[in-house]
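Architecture and fold: a report
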Amino acid sequence: MNETQNKLNAALGQAVRGRITRREFTQLALASGVSLAAANSMFTKAYADEPKKGGNFKVGVGHGATTDSMDPGLYPDQFTGTALWGTLANSLTEIDADGNVVGDVAESFESSDGAKKWVFKVRNGITFHNGRTVTADDVIASLQHHLGENSKSAAKSLLKEVATMKADGPNTVVFELTGGNADFPYTVSDYHMPIMPKNPDGTVDWQSGIRTGAYKLDKFDPGVQASFSKNENYYKTGKGWFDSVQFLSIKDAAARTNALLSGEVHYMDRCDLKTLDQLKASPDITVSEITGYGHYIYVMNVTQKPFDDVNVRTAIKYSMPRDEILEKVFLGHGTVGNDNPIAPTVKFAIDPTPKHSYDPAMAKEYLKKAGLESLAFDLSVADAAFAGAVDSAILWKEKAKACGIDINVIKEPEDGYWDNVWLKKPFVASYWSGRPTVDWMMTTAYAADASWNDTFWKNPKFNELLVAARSESDEAKRAAMYAEMQQILHDDGGLVNMLFNSYVEAHAKNLGHGKVAANWQLDGMRVAERWWFTS
Amino acid sequence: MTAQAPNLRSVRARRSFLESARRTLATAPWSAWFGMIVIVIYVIAAVFAPWLAPYGESDVVGKAYQPSGPEFWLGTDQIGRDLLSRLIYGARNTIGIAFLTTMLSFAIGGTLGVLTAHRRGWLDQLVSRVVDAFLAIPVLIFALMLLAVAGKSIINLILILALLDSTRVFRLARATALNVVVMDYVEAAKLRGEGMGWIIFKEVLPNILPPLITEFGLRFCFVFLTIAALSFLGVGIQPPTADWGSMVAESKTLITFPVRTFPWIPAPFYPAIAIALLTVAINFVVDWFLHKTSGLRDEK
Amino acid sequence: MHPVLKTVLQRLGLGLLTLFVVSVLIFASLEMLPGGFAEAILGQGATPETVAAFNKQIGLDRPAAVRYVEWIWNILHGDFGYSYAGMGGSIKRSVSDLIAPRLYNTFFLAIMTAIVAVPLSLFLGIMAALYRNSWYDRTVNAVTLTTIATPEFFIAYLLMFFLAIKAKWFPTLSTVSESTTLLEHLWRAGLPAITLTLVIVAHMMRMTRAALINLLASPYMEMAQLKGVPRREAIVKHALPNAWAPIATVIAFNLAYLVVGVVVVEVVFVYPGIGQLMVDAVSSRDMPVVQACALIFAATYILLNLSADVVSIITNPRLLHPK
């Protein structure tokens, strides 16, 4: 960087902090030989990058139901996740914008004994909204909330490996796991596990909404809205800029878009892809697209005919026109899958070979290997699995005819899809939001004993590697193990990973932000804490 | 519909069927002609869909949202199916389903309504209570529940919608028939010792037909609207079956972007226009029929 | 006893019977629905253990008959019970608290629409009967037909586009809460009300017209004409009183529809009415809420129909003074 630029940057910093005016800055820039237009755009950009306090931030979210509850174990989706966790609360750890796990309520954490023992230090002086200091007991009570026989928590199976939790002094929590897990800090970053105040009787106060986050809860109408006001005592500096935040549940995509266009909300998630070009053309709107870990999949039960034959499975994998589906149904918003559930951006991810793409000749060859001339089966779908599931399946059906495969697409009711279809019917549409580590993803859905093993796939070699990799401290060896697991799943599993979907969201131009996280939608569900108004 | 009008006239005028049809049609106003022509075109499209449509009902033949052109006259839909072909097949499915549903609901509701109005007594009370209970539950929600219980096939959809619709037809038929059965000519017929069938078909039915026919026209159109609403809420007709209501619902997000955009994507408008045109056409014919049967001779 | 009063009392009694039938019908349908509340609320996160734990907590492990009797018993004591959704912990959400604000919103919108739509459709219908087959008649017919022939959400989106986004007269979102003032509530509910008006006017107007025209050929109308009574007066004074029965029935249908059938409009405008609550409750199998909503809808419907029946009786001397 040369001297002029250095000076300009310094001046820019001053201008943004209000020490010199825009005019003075422009004069300085012009004097340094920068064109007027460039100077103006530099100024505007820098100005936008500098966070500012204030404003009432309104977000339109495409989820939310009248049955939503304050109980974090029951948070079903982005509405409760973003409002009642990302805005209101903190977990022990958090995933930063680069996908690394960092301390949140825990200041630091370290493991010993082959990642079987984990020690978390609670941050000093961090307080709840009612002013009470957070202690190790609160942490234990908060996690204990998900365990126990009567727990209905979605985090119950995530915490299954925890053998004991003990407080060691007011600021230290010691976890003993049943087996080594180098990724345990990732697990406790989950949005179902915020830290809540402990009641005198040992239970935890999830009802009142008193948490540790950047905003305090004002009002929560399930299925309608949640509103918050600023927590002046928030422990993070440089986070939580808005005076107040409101999340509105707007389930209809067209209504959400119109609310953004008319300025009634400043941010919307789940943009409608069909009208994205029109939305982009609007002068006050920015459309953002983040490829995260989420993927749209079709899963077959490998214990049922005809899917119990690996050749049939491979033929089916070759019959899907992934590129065409991505282009037509998702209008290019995503990355085609290759029957590996680990997103390319996750550490240790590989791209297995041969690549499974649309190839009628290969599909027919594998059918022949299975001793079949043609193949017919039912495929159960609903847009409850993911928006576009039905259209994708229809397109697949049309193209699979050329492979000698006759897919009978059954549109199931969206209502009750996860009860009656998923894990019940032999071949269904599904999705995963994805997990930031290989271990977490594989443990959740592909391990032999996983409670959500939706392919019913039990591969001994795969499961051996999964356990071994958890306590392997040599990075290279661990990488090799994970690579082998992904290859086995790609070749043998019952998963047809159609594509990794992008989070397509839109916001008003006068919002500023840093690097956007990819682990969840809405900037890792923490948009209210991380974003600000520029004007 | 067009076949019924001359029939009734022939009863009254005792002319030959063809003769009376010719005479009746000659007096039809332009609106009725317009309606009949539209209906005939739709029926032809519905019956001969496989021969008329340039492509198959669910064939993916192009890119998504291609504009109109020589290859695809109306462009393509969200996954690249020809819109014109889907509209033509949609005529077959939509009209077929709506017609079956409406006929069934009128057969059930109309018969029960007239019967109970005539008989009164415990039968009236029983049917009315059951119907009231059915009516008192919102159609959409009841349909959602029944579809979840029975499974979503087209047959189930027709049966459920017909059942729910028939309760509404019953109410109207009974209310209008109640006014007629207290008329002197009905009492006279009773005193003459006419049978119940005779009274219902010769005395009551002709006199309550006009409001029922009007209702038929509306109910018929409400069927596709209900299907559209069900599709909007995420249930409805199984894809890839083309159905106008579902076609509008599938591309609902394009509705608020019609004017500002280029290229203009008209996908939701064609099926909506198709529905509107048919509704207007049917009701024009119904109006004319109503006018004819009302026995008014003083005007045009 | 006066025959009208007698009929009203009789109908009210029968109404209670209808309510009972409705509750059995709804309860049975919900029982037959595949899946349960636990699976629905836990979604993809449901495992057999969590489902069992949940069912035990909300008492779903007991037989259906027991739960039904218990529920009916509580209703008779004015207790609608608690939503399953809040059953996870110590704070329970009572169904009445859940429903009350939404019911208020729904009635607000229904009344607002009815005040505009009913007089408007009567006026249009009478005028259409008066000037039947004129250009006025045909235009009104074609326009109203087009509005009912278009799916509700289609009209709603078009209105939103023109009146909210382009003209900016109305907000795109109709979200209201207890703190919303009456004026703002009226403004925010404007677009949904206009949409609903367009949807129901056609039906009521056409029935009015049909019922009137049906009577024009009656001997007493011919008599009136022979007497030289002006057409306008003949229709309003002689035909209209006899046409009230079918008109009242159709108006009752449409008013009931305003209360129960507006789910789609609520979704499009994000209006927190009771329809959305009930759809959510059906899909999550939250039985106490579905049951309570169904009873309220049924009661509304029964009362409206009772009014329609009373109108039919009052306007027909033969029914009013039976021989």
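Residues numbered from 1 in each chain as written. Chains lettered and ligands numbered in written order. Predicted model: local features only at pLDDT ≥ 70, side-chain atom pairs only at ≥ 80, totals over all residues.

1. As for the overall build of chain C
Applicable threshold: Going along the chain from the N terminus, every DSSP run of H or I of four or more residues is numbered as a helix, and every run of E of two or more is numbered as a strand. In this scheme every C-beta is placed from the backbone, and a residue whose C-beta has 20 or more other C-beta atoms within 10 Å is buried, one with 12 or fewer is exposed, and one in between is partly exposed.
The helix and strand inventory of chain C stands at 15 helices and 0 strands. Taking all 323 residues of chain C together, 50% fall into the buried category.

2. Considering the overall build of chain B
Condition: Residue pairs are scored as contacts if the distance between their C-beta atoms, which are placed from the backbone, is within 7 Å.
Scanning chain B from terminus to terminus reveals 12 helices and 0 strands. Helices (α) and strands (β) of chain B occur, in sequence order from the N terminus, as α-α-α-α-α-α-α-α-α-α-α-α. Across the 300 residues in chain B, those meeting the buried criterion constitute 54%. Long-range pairs, those at least 24 residues apart, make up 65% of the contacts in chain B between residues at least 6 apart in sequence.

3. A few points about helix H4 (residues 78-87) of chain A
For H4 of chain A, the tally of buried residues reaches 10 of 10 residues, placing the bulk of the element in the interior. Those residues of H4 of chain A that fall on the buried side of the exposure criterion are Gln 78, Phe 79, Thr 80, Gly 81, Thr 82, Ala 83, Leu 84, Trp 85, Gly 86 and Thr 87 of chain A.

4. A word on the interface of chain C and chain B
Note the following rule: Each residue is assigned to one of three groups, with Ala, Val, Leu, Ile, Met, Phe, Trp, Tyr, Cys and Pro labelled nonpolar, Asp, Glu, Lys and Arg labelled charged, and all others, Gly among them, labelled polar.
Facing the 56 residues of chain C at the interface are 52 residues of chain B. The element that contributes the greatest number of residues to the side of chain C that touches chain B is helix H1 (residues 3-32) of chain C, accounting for 9 residues. Residue classes in the side of chain C that touches chain B are distributed as 40 nonpolar, 12 polar and 4 charged.

5. What to know about helix H5 (residues 83-119) of chain B
The condition that has to hold: Multiply 1.5 Å by the residue count of a helix minus one, and that product is the helix's expected span.
In a regular helix each residue adds 1.5 Å, so 37 residues correspond to 54 Å; H5 of chain B covers 52 Å between its end C-alpha atoms and thus fits that length. With 26 of its 37 residues buried, H5 of chain B lies for the most part within the structure.

6. A word on the environment of Val 38 of chain B
Residue and element names in this part refer to chain B. Tracing the backbone through its elements, the reader meets Val 38 in helix H3 (residues 30-47). Along the backbone, Val 38 and Leu 277 are 239 residues apart, and their C-alpha atoms lie at a distance of 7.8 Å. Other than its neighbours up to four places away in sequence, Val 38 contacts Leu 277, Leu 278 and Ala 281.

7. A short note on the nonpolar core
In plain terms, the rule: For our purposes the nonpolar core covers buried Ala, Val, Leu, Ile, Met, Phe, Trp, Tyr and Cys residues that link as a set through C-beta atoms within 7 Å.
Counting residues in each nonpolar core, the largest one holds 343 residues, and the members touching the most others are Ala 143 of chain B together with Cys 293 of chain C. Element by element, the count of residues in this core is highest for helix H10 (residues 196-232) of chain B, at 19 residues. Those residues within four positions of Cys 293 of chain C in sequence are excluded, and the remaining contacts are Ile 99, Ile 274, Leu 277, Met 278 and Ala 281 of chain C.

8. Quick word on the packing of H5 of chain B against helix H6 (residues 121-135) of chain B
Residue and element names in this part refer to chain B. The line we're drawing: For helices, the fitted line uses only the C-alpha atoms of the stretch in contact; every axis is such a line through C-alpha atoms, and the angle between N-to-C directions lies from 0 to 180 degrees. Oblique is the label for every angle not falling under 35 degrees (roughly parallel), over 145 degrees (roughly antiparallel), or within 65 to 115 degrees (roughly perpendicular). Rotating anticlockwise by less than a right angle from the far helix to the near helix defines a left-handed crossing, while the corresponding clockwise rotation defines a right-handed one.
Two elements in contact, H5 and H6, have axes whose closest approach is 7 Å; the angle formed by their N-to-C orientations is 140°. If you check the angle between H5 and H6, you find them oblique. Handedness of the H5/H6 crossing: left-handed. In this structure, H5 contributes Leu 112, Thr 116 and Arg 119 to the contact, and H6 contributes Gly 121, Leu 123, Asp 124, Val 127 and Ser 128. Considering only residue class, the contact of H5 with H6 consists of 3 nonpolar, 3 polar and 2 charged.

9. Some words on the sheet that holds strand E7 (residues 172-177) of chain A
All names here are of chain A. Heads up, the rule is: Two strands pair if DSSP finds at least two bridges between them.
One open sheet accounts for 4 strands, arranged E4-E5-E7-E6; its pairing is antiparallel. The open sheet has two edge strands with one neighbour each: strand E4 (106-112) and strand E6 (162-167). Neighbouring strand axes in the sheet, compared pairwise and without regard to direction, differ in orientation by 15° on average. One ladder, built from 6 bridges, connects E4 with strand E5 (residues 117-122); its direction is antiparallel. Its bridge partner lying in E5, Glu 110 is registered against Val 119.

10. A look at unusual backbone geometry
Residue and element names in this part refer to chain A. Note that the residue after Lys 305, namely Pro 306, is joined by a cis bond; omega there is -5°. Along the chain, the position of Pro 306 falls in the loop between strand E12 (285-300) and helix H9 (310-318). Between Thr 353 and the following residue, Pro 354, the backbone shows a cis peptide bond with an omega angle of -10°. Looking at the secondary structure, you find Pro 354 in the loop between strand E13 (334-336) and helix H11 (360-369). The phi dihedral of Arg 270 falls on the positive side, at around 45°, and the residue is not glycine. Residue placement: Arg 270 occurs in the loop between strand E11 (267-268) and helix H8 (276-280).

11. Side note on the environment of Val 24 of chain C
Inspection of the secondary structure assignment puts Val 24 of chain C in helix H1. As a C-alpha pair, Val 24 of chain C and Ile 72 of chain C span 48 residues in sequence and 10.0 Å in three-dimensional space.

12. Looking at the packing of helix H11 (residues 231-260) of chain C against helix H14 (residues 287-315) of chain C
Any two packed helices are characterised by how steeply their axes cross, that is the angle between the axes, and by the distance between the axes. All names here are of chain C. One can describe the packing of H11 onto H14 by two numbers: an axis separation of 8 Å at closest approach and a directional angle of 170°. On the basis of their axis angle, the class for H11 and H14 is roughly antiparallel. Contacts between H11 and H14 involve Pro 241, Asn 242, Trp 244, Ala 245, Ala 248, Thr 249, Ala 252, Leu 255, Ala 256, Val 259 and Val 260 from the first element and Phe 297, Thr 300, Tyr 301, Leu 304, Asn 305, Ser 307, Ala 308, Val 311, Ser 312 and Thr 315 from the second. Here the contact of H11 with H14 is built from residues that sort into 14 nonpolar, 7 polar and no charged.

13. Structural notes on the pairing of strand E9 (residues 225-230) of chain A
Residue and element names in this part refer to chain A. Pairing of strand E8 (residues 215-221) with E9 involves 6 bridges; the strand directions are antiparallel. Bridge assignment links Tyr 215 to a residue of E9, and that residue is Lys 230. Counted between consecutive antiparallel strands, the loop separating E8 from E9 contains 3 residues, among which Gly 223 sits at a positive phi close to 80°. Of the pairings in the sheet, the one linking E9 to strand E10 (residues 244-249) comprises 5 bridges and is antiparallel in character. Its bridge partner being in E10, Ser 229 is matched across the sheet by Ser 244.

Remember, this is a structural readout, not a statement about activity or role.
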